[in-house]
Amino acid sequence: MDLNVIDIFKNVNFWASFLAWLTAQFTKMINAFLKTKKLDFRYIVSTGGMPSAHSAMSSGLAASIGISCGFKSPLFAVSLAFALLTMFDASTVRRAAGEQARLLNEMIDEIFKQHRFSERKLVELLGHTRLEVFLGAIVGILVASIVNALSYSIPAL
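The rules behind these values
- Residues numbered from 1 in each chain as written.
- Predicted model: local features only at pLDDT ≥ 70, side-chain atom pairs only at ≥ 80, totals over all residues.
- Heavy atoms only, no water.
- Phe/Tyr/Trp six-rings, centres within 6.5 Å; stacked < 30°, edge-to-face > 60°.
- Buried < 20%, exposed > 50% of the residue type's maximum accessible area, 1.4 Å probe, protein only.
- Helix = DSSP H or I, 4+ residues; strand = E, 2+ residues; numbered from the N terminus.
- Polar contact = N/O pair within 3.5 Å; in protein donor to acceptor, adjacent residues only side chain to side chain.
- Contact = heavy atoms within 4.5 Å.
- Core = buried A, V, L, I, M, F, W, Y, C linked by side-chain atoms within 4.5 Å.

(A) Region of the structure containing the packing of aromatic side chains. Under the criterion given, the structure shown has 7 aromatic pairs. On the numbers, 6.3 Å between centres and 45° between planes, the contact of F9 with W15 is tilted. Take F9: its relative accessible area is 43%, and that puts it in the partly exposed class. Residue W15 is classed as partly exposed on the basis of its relative accessible area of 27%. Through a chain of ring-to-ring contacts, the aromatic side chains of F9, F14, W15, F18 and W21 assemble into a single cluster.

The structure is reproduced here in structure tokens:
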């Protein structure tokens, strides 16, 4: 068994999924900059927002594995199941948690106006709308296609 950890950086599937995630996160940061005119690097590691980085990364991984290993391979089936589960979770469970956080923050605002209470708020941007998940998946598939196409033209990958 080859245990050279550095080899992960030669893996096209790693790069496809990582670059899909990075593309989605930078897209969020640019969208926020266009709205606020302030550059906020916290978007690079934030959750929620347009497009879904979770969807981009998981669909990028599945698409890259499908392209490089074949869409009939068991590995593609596993990665597709992982991607679908991730996207379902992002648009349902995490979305519901974000809605609960929003409601609790509204309750805290109301209580704070009437009584002395902590101003600490919950993070509301946790989950995604179905559109954010869908566009994240598109980002992932596009980036995976580009990375795989480049890997065939660059011998080192």
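(B) Region of the structure containing the side chain of S59. Within the secondary structure layout, S59 lies in helix α2 (residues 53-69). Within polar-contact distance, the side chain of S59 engages the backbone oxygen of A56 at 3.4 Å. Once you skip the residues sitting within four places of it in the chain, S59 turns out to touch A83, G136, A137, G140 and I141.

(C) The arrangement of the nonpolar core in detail. Judged by nonpolar contacts, V12, A16, A20, A24, A53, A56, A63, V139, V143, A144 and V147 together constitute the single largest core of 11 residues. Going through the elements one at a time, α1 (12-36), α2 and α5 (130-153) are the ones with two or more residues in this core. Ignoring anything within four residues of it in the chain, the contact list for V143 reads A16, L19, A20 and T23. Judged by nonpolar contacts, the second largest core, of 8 residues, contains A62, A83, M87 and V133.

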